Amino acid sequence: MSGRRLPRLAHMSGPSAAVERLQPFGATIFAEMTALALERGAVNLGQGFPDWDGPAAMLEVARGQISTGNNQYPPVRGAAELRQAICEDRARNFDVEYDPGTEALVTTGATEAIAATILGLVEPGSEVILIEPYYDSYAAAVALAGSTRVTVPLVPDGTGFALDVDALRSAVSEKTAMIVVNSPHNPTGTIFGLAELSAIAELAVERDLLVLADEVYERLTFGLVHIPIATLPGMASRTVTVSSAGKTFNVTGWKVGWALASQTLLDGVLAAKQFLTFSGGAPFQPAVAHALRHEQAWVTDLVADLQRKRDLLTHALEGAGLSPFRTEGTYFVCARVDQDALSYCRALPASRGVAAIPVTVFTDHPEPWREIVRFAFCKTDEVLAEGIRRLT
């Protein structure tokens, strides 16, 4: 035998052999709460996925693609048909022009687009600003890139939340490379208005920062208009916009997302993405292209249905003695429960037969969020009604 040492993994018996920068990222809260829901037979209002199918014609396109042999690697940038449809959709709905050949990249869900953007554009040792509460994959992507996350808070604003613009400005340092902006916002359901987005844009231009705009809920808005930050002055050349088909068309399991940016930025995203999954979802990409072009009426009906479900859940939470916050978009209603949110959520499957998510798990500074819980309303009427019955 040679004198070469065995890999470190062979000597480890602890709970995780992950490298140090990933040690904080164990099993997610979604896995824990879903397991509790299954164990107790609880209604799962925790994880944000719809439990009914998307447009029938879109599903039929996917079936046809599978049966006719579109089951191998698509191009690394994504099928040309889908990139063209994505760019047409952005121009039609948001008046933003992208070149499908050089400024659109199909990814394995928005999560990969987020990770590839940070890995491809942020140098190790740089700082990335996250607005908390933040979607949990952001922090993991920053850690993978060898960078440091810096957080700034949302703060109470009447019955909702608003960005602390002064805290954002104070958080920028010489090491800051990127700001991650999520609007409509998960988990709070907040939509950033023009004043907030303009403040972010002005700061990004002034300090020469990149912006990663996570806009996966861009269509799921209730009475307010989503403003892409890339449309603001000076932002087209410094923004990577991420979205996906999963939330818009009820196909979260297809994992078809995309990134849109100038060629200079997108080439950096592609440099990382090609070594993550290379490409995927071959039969689903033409189906999503069909949906973007032909299923706008279905999306309009979906939004109206979700708004109705939001109202039902909000009223139910009030009836259960909780204090719900305003939800302007997404799948979620947050509510103050007047006790420790994590303990409440761990007990809820047994005490009420419902699963939910404590907002503290999305923050680096949990105290302001210690009593706030996120509930998902993207469920069939039957499931949502049963969850409401149990809560009240």
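The shown structure was predicted, so the numbers you read here are calculated from the model rather than taken from an experiment.

What counts and how
All residue numbers here refer to positions counted from 1 along the written sequence of the relevant chain. Restriction of local features to residues with pLDDT of at least 70 applies here, the model being predicted, together with a cutoff of 80 or more for giving and counting side-chain atom pairs; totals for whole chains, interfaces and linings are based on all residues. Calculation of side-chain values draws on the structure's entire complement of heavy atoms; hydrogens and water are dropped beforehand. Helical segments are the DSSP runs of H or I of at least four residues, strand segments are the runs of E of at least two, and each set is numbered from the N terminus. Here the radius of gyration uses the C-alpha set of atoms, whereas the globule reference equals 2.2 Å times the residue count to the power 0.38. Using a 1.4 Å probe on the protein chains alone, a residue whose accessible area is under 20% of its type maximum counts as buried, one over 50% counts as exposed, and one in between counts as partly exposed. We call two residues contacting when some pair of their heavy atoms lies within 4.5 Å. Positive charges come from Lys and Arg alone, negative charges from Asp and Glu alone, with His and the N- and C-terminal ends not counted. For charged residues, the charge sits on one atom: NZ in Lys, CZ in Arg, CG in Asp, CD in Glu. Predictor confidence is given residue by residue as pLDDT, running from a minimum of 0 to a maximum of 100. Whether two strands pair comes down to DSSP finding at least two bridges between them. An axis is simply a line fitted to the C-alpha atoms; with a helix, the fit covers only the stretch in contact. Between two such axes, the angle follows the N-to-C directions and lies from 0 to 180 degrees. Criterion for a salt bridge: a side-chain nitrogen of Lys or Arg within 4 Å of a carboxyl oxygen of Asp or Glu. The domain boundaries here were taken from an automatic or database domain assignment. In short, buried area is how much 1.4 Å probe accessible area vanishes from two parts on joining, totalled over both. A patch is a set of surface residues, each over 30% in relative accessible area and not in a salt bridge, joined within 9 Å for like charges and within 5 Å for the nonpolar side chains Val, Leu, Ile, Met, Phe, Trp and Tyr. Computed with the Shrake-Rupley method and a 1.4 Å probe, the accessible areas treat only the protein chains shown as cover for residues. Within 3.5 Å is the distance limit for a polar contact, defined as a pair of N or O atoms, with the added protein rule that one can donate a hydrogen and the other accept it, and that residues adjacent in sequence qualify only through two side-chain atoms.

**A few points about the overall build of the protein chain**
The helix and strand tally for the protein chain stands at 13 helices and 14 strands. Taking 2.2 N^0.38 as the reference for a compact globule, 392 residues should give roughly 21 Å; the C-alpha atoms of the protein chain span a radius of gyration of 21 Å, in line with that estimate. The buried share among the 392 residues of the protein chain stands at 54%. A fraction of 75% describes how many contacts in the protein chain between residues 6 or more apart in sequence connect residues 24 or more apart. Positive and negative side-chain charges in the protein chain, numbering 32 and 44 respectively, have mean positions lying 6 Å apart.

**Here we look at the confidence of the model for the protein chain**
For the protein chain, mean pLDDT is 94; residues scoring 70 or higher make up 96% of the total. Scored below 50 in pLDDT, residues 1-13 shows six contacts in the model against residues more than four places distant or in partner chains.

**A look at the sheet that holds strand E6 (residues 176-182)**
Pairing between sheet strands relies on hydrogen bonds along the backbone, with the strands arranged either parallel or antiparallel. What the eight strands build is an open sheet, ordered E2-E9-E8-E7-E6-E3-E4-E5; its pairing is mixed. The two strands at the open ends of the sheet, each matched to only one other strand, are strand E2 (104-108) and strand E5 (160-163). Neighbour-to-neighbour, the strand axes of this sheet turn through a mean angle of 25 degrees, independent of strand direction. Strand contacts of helix H4 (residues 109-121): E2, E6, strand E7 (210-214), strand E8 (239-244) and strand E9 (256-260), with the helix running at about 160 degrees to E8, the strand carrying the most contacts.

**Focus: the pattern of salt bridges**
Side chains bearing opposite charge may pair, as long as their charged atoms lie close to each other. A full pass over the atoms with the stated rule returns 24 salt bridges. The residue Arg-149 makes a salt bridge to Asp-364 at a minimum N-O spacing of 2.9 Å. Here Arg-149 is found in strand E4 (residues 148-157), whereas its partner Asp-364 is found in the loop between strand E13 (357-358) and strand E14 (372-376), with 215 residues between them in sequence. Since its relative accessible area comes to 32%, Arg-149 is described here as partly exposed. Look at Asp-364 and you get partly exposed, because its relative accessible area is 29%. Here Arg-390 ties to Glu-386 by a salt bridge, and the two come within 2.8 Å at their closest N and O atoms. In this pair, Arg-390 and Glu-386 are both assigned in helix H13 (residues 381-391), four residues apart and thus about one turn of the helix distant. Here Arg-390 falls in the partly exposed class, since its relative accessible area comes to 25%.

**Considering the side chain of Lys-247**
Relative to the assigned elements, Lys-247 resides in helix H8 (residues 246-249). If sequence neighbours within four positions are ignored, Lys-247 has contacts with Gly-48, Val-216, Tyr-217, Leu-220, Thr-252, Leu-302 and Tyr-331.

**A few points about the domain arrangement of the protein chain**
Each domain of the protein chain was delimited in the assignment, giving domain 1 (20-53 + 296-391) and domain 2 (57-65 + 72-294). Taking the mean C-alpha position of each, domain 1 and domain 2 sit 23 Å from one another. Listed by partner, the interface residues are 36 residues for domain 1 and 42 residues for domain 2. For the pair domain 1 and domain 2, the two sides together bury roughly 3500 Å², of which 59% comes from carbon and sulfur.

**Brief notes about the pairing of E8**
Where burial is concerned, most of E8 is hidden: six out of the six residues are buried. On E8, burial covers both faces: Thr-239, Thr-241 and Ser-243 on one face and Val-240, Val-242 and Ser-244 on the other are all buried. The pairing of E7 with E8 spans four bridges and is classified as parallel. Bridge pairing links Val-211 to Thr-239 in E8. Alignment of E8 against E9, held across four bridges, turns out to be antiparallel. In the sheet register, Val-242 faces E9, and the bridge partner there is Ala-259.

**Side note on a nonpolar patch on the surface**
Together, Leu-119, Leu-144 and Leu-276 line one region of the surface with nonpolar side chains, adding up to about 220 Å² of accessible area. In this fold, Leu-276 is placed in the loop between helix H9 (263-273) and helix H10 (284-294).

**Some points on the side chain of Thr-188**
Topologically, Thr-188 is positioned in the loop between E6 and helix H7 (194-207). For Thr-188, the side chain forms a polar contact with the side chain of His-185, separated by 2.8 Å. Of note is the side chain of Thr-188, whose polar atom sits 2.8 Å from the side chain of Thr-190. Among residues more than four places away in sequence, those in contact with Thr-188 are Pro-133, Leu-154, Phe-161, Arg-326, Thr-327, Cys-334 and Trp-369.

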